[in-house]
Every structure is written in C-alpha cells, then in structure tokens.
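# A look at the structure
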Amino acid sequence: MKRFTVSLVQFESSLGPADDGTTERMAEAIAAADADLVVFPELATTGYHIFEDLPDLAEPVPGPTIETLGAAAADANAEVLFGMPVRDGESVYNCAVWLTANGDMRARYDKRHHWGDERGVFAVGDEYTVVDAPFARVGIQICYDLNFPAASAAIAQAGCDVLINISAWTVQMERDWQTLLPARAVEQGAYIVGCNRAGTEVGNTFCGRSTVIEPDGSPVVEMGSGPGQVSVTLDPGVVAAERARNPMHEDRLATDANANDP
C-alpha cells in the first residue's frame, strides 16, 4: 500500500436515467475531488428505487455512462468507483464499477447479497472482487454485503489493505451501519471506507454518515446526513502499526492456509 487520498461523494441521485444530468453532476464531483480515488454510493447513476424501470435504465459496460465518467476520470487523473445497474446478456446486476485514471474499466463487482425487493430483479454475483489499484489492494462490497462476516473474511484472505462499501443505507438501519463498519475494520486489519447515499426516494430516507475508519475501528471522519464530499488521506503506516498491535489479520491468513492443507 502507498499513501493515497480518497474522496467520498455522499451523493443524492436523481431517480431515473443516468443521462438526466446525474452523470454530469458526478463528473463535476470527480473534477472537484483532487484525489487518487473518488467513490460514489450504490446505484448512484440512477437512484435506488428503480426496480420497475430496470429494463430501460440498465446499461451494458462499456456504454454511455462509462464513456462519460471515464472521460471525467481521465481529465482528473483519478480512479473512480461508483454503483450502477448493468445489463449483461439477459441478466441485470447491481454493480460497482471501477474506472482507471485513464478512463478505462479496471473492474466490476456484481452484488452477491441482495436486500428485500432486490432479490426479484437483480441477478446474483458469483465472486468477490479485489482490485489491485496503483496505490493499494482494495476489496469491494455493496451495501448489504456488510452484514455477512464470511464476505469480509473472503476479502481479508486476499490480503486487502482497504475495504470499500458503497451503499444505499437507510435511516431505519443507521445503527447497524455505524456498528458493522468498525467491526469489519478490526476483522480486516484494514481501512474501511463506507460511502452512502443522501436524500429521500419514494418515502425512504438514506442516512448518509459516509465514513473512513482506521484498522483499529477508530473513525477518521464521518459525514452528516446531507449531500457532500470529503477527502481523506490513507496511510500505510497506520495499517502496519495496527497489524503489529493486533495480529488477527496475519493469524487469519495462517489459519485459513492451514485449513486448506491436505
């Protein structure tokens, strides 16, 4: 891991197609970030409650949204991670898409744990995703994935320095958000970045509270409930110091390796 800056965009999406002005607002946030990595929430390009309109709103990748945001990433010389609905053949996935600082797609994660009505409209992803970015090894999650320790354990086994969860977490579940993120940091021995939605859709209000948490569970920054943007520098020395203090990360890798021995 290298020292790098991440910008969290606590975004309030418009409910509808990405080209309704949403991607233009996202491009403006990318340009304003002055960061190595810019992160947006789950389904940032369309809003969350779009299940009935998914056939019209989901896009292939690459596609128009990747083209627009890829150009913004290249102009800003920044990597970008954001959520969008992706059409792949006959299926639609709730995806996290990672763009390089050249504007190309580096990785795509298809959400594996679906919440509520998501189960009826999104296909289930079949693997966890770890990105070897220029500055760190990063695991990706989407929202409800956070609730499942096995999901985080799989990423921890891959030796990640940072875990990022992009989310559309509501006020009704705010206590869980604030409890689970620090727990995952301690389990991982890694930085946790939680980037959540702001605003209200069809009567459901998102809690915001996007945050960066150090490997010992201590918050570095926590945003409020409204839209906004904040940048934080992540330090590899913090990760190394915590893993020296608490050897859980190394012990997990050793235990998992022994469990796989014949």
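Below is a short write-up of the structure. Here the structure is a predicted model, which means the values were calculated and not measured.

### Details of the overall build of the protein
When helices and strands are counted, the protein shows seven helices and 14 strands. Scaling as 2.2 N^0.38, a compact globule of 262 residues should have a C-alpha radius of gyration of about 18 Å, and the protein matches this with 17 Å. Overall, the protein is about 50 × 40 × 35 Å in size when its C-alpha atoms are taken along their principal axes. Relative to its 262 residues, the protein shows a buried fraction of 53%. In the protein, once contacts between residues fewer than 6 apart in sequence are set aside, the share between residues at least 24 apart is 67%. By element, 47% of the accessible surface of the protein is carried by carbon and sulfur atoms, the whole surface being about 10800 Å². For the protein, the centre of its 17 positive side-chain charges and the centre of its 39 negative side-chain charges are spaced 5 Å apart.

### Remarks on empty space enclosed by the protein
Empty pockets left among the atoms are what a rolling probe the size of a water molecule brings to light. A complete count under the given rule lists one cavity of 30 Å³ or more for this structure. Of the pockets and cavities examined, the largest cavity occupies roughly 40 Å³. Residue lining of the largest cavity: Val 186, Glu 187, Gln 188, Gly 189, Glu 242, Arg 243, Asn 246, Met 248 and His 249, and that is the complete set. At three residues, helix α5 (residues 174-188) tops the list of elements feeding residues into the lining of the largest cavity. When the residues that make up the lining of the largest cavity are grouped by side-chain class, the tally is two nonpolar, four polar and three charged.

### Notes on the layout of surface pockets
Approximately 350 Å³ is the volume attributed to the largest pocket. Tyr 48, Trp 115, Ala 168, Thr 170 and Met 173 are the residues nearest the centre of the largest pocket, which is lined by 19 residues in total. Residues that form the lining of the largest pocket fall into these classes: nine nonpolar, six polar and four charged. Together, 14 residues line the second largest pocket, and Ala 18, Asp 19, Glu 59, Pro 64 and Thr 65 are the ones closest to its centre. For the lining of the second largest pocket, the secondary-structure elements that each account for two or more residues are α1 (22-33), α2 (54-57) and α3 (64-76). Sorting elements by how many residues they give to the lining of the second largest pocket places α3 first, with three residues.

### Describing the packing of aromatic side chains
In this structure the tally under the stated criterion is seven aromatic pairs. Ring geometry for Phe 4 versus Phe 135: centroids 4.2 Å apart, planes at 20 degrees, classification stacked. With a gap of 131 residues between them, Phe 4 in strand β1 (residues 4-10) and Phe 135 in the loop between β6 (129-132) and β7 (137-142) connect regions that are remote in the sequence. For the residue pair Phe 4 and Phe 135, the accessibility class agrees, reading buried in each case. Between Tyr 144 and Phe 148, the ring centres sit 5.1 Å apart and the planes meet at 80 degrees, which makes this aromatic pair edge-to-face. The ring of Tyr 128 carries the charged tip of Arg 112 above its face, separated from the ring centre by 4.4 Å.

Cut-offs used in this document
Residues numbered from 1 in each chain as written. Predicted model: local features only at pLDDT ≥ 70, side-chain atom pairs only at ≥ 80, totals over all residues. Heavy atoms only, no water. Helix = DSSP H or I, 4+ residues; strand = E, 2+ residues; numbered from the N terminus. Rg over C-alpha atoms; globule rule 2.2 N^0.38 Å. Buried < 20%, exposed > 50% of the residue type's maximum accessible area, 1.4 Å probe, protein only. Contact = heavy atoms within 4.5 Å. Areas by Shrake-Rupley, 256 points an atom, 1.4 Å probe, with all protein chains shown as cover. Lys, Arg positive; Asp, Glu negative; His and termini not counted. Charge placed at Lys NZ, Arg CZ, Asp CG, Glu CD. 1 Å grid on protein atoms, 1.4 Å probe; cavity = no way out; pocket = protein on both sides within 12 Å on 5 of 7 lines; lining within 4 Å. Points joined across faces, edges and corners; volume = space filled by probe spheres on them. Nonpolar A, V, L, I, M, F, W, Y, C, P; charged D, E, K, R; others polar. Phe/Tyr/Trp six-rings, centres within 6.5 Å; stacked < 30°, edge-to-face > 60°. Lys NZ or Arg CZ within 6 Å of the ring centre and 35° of its normal.

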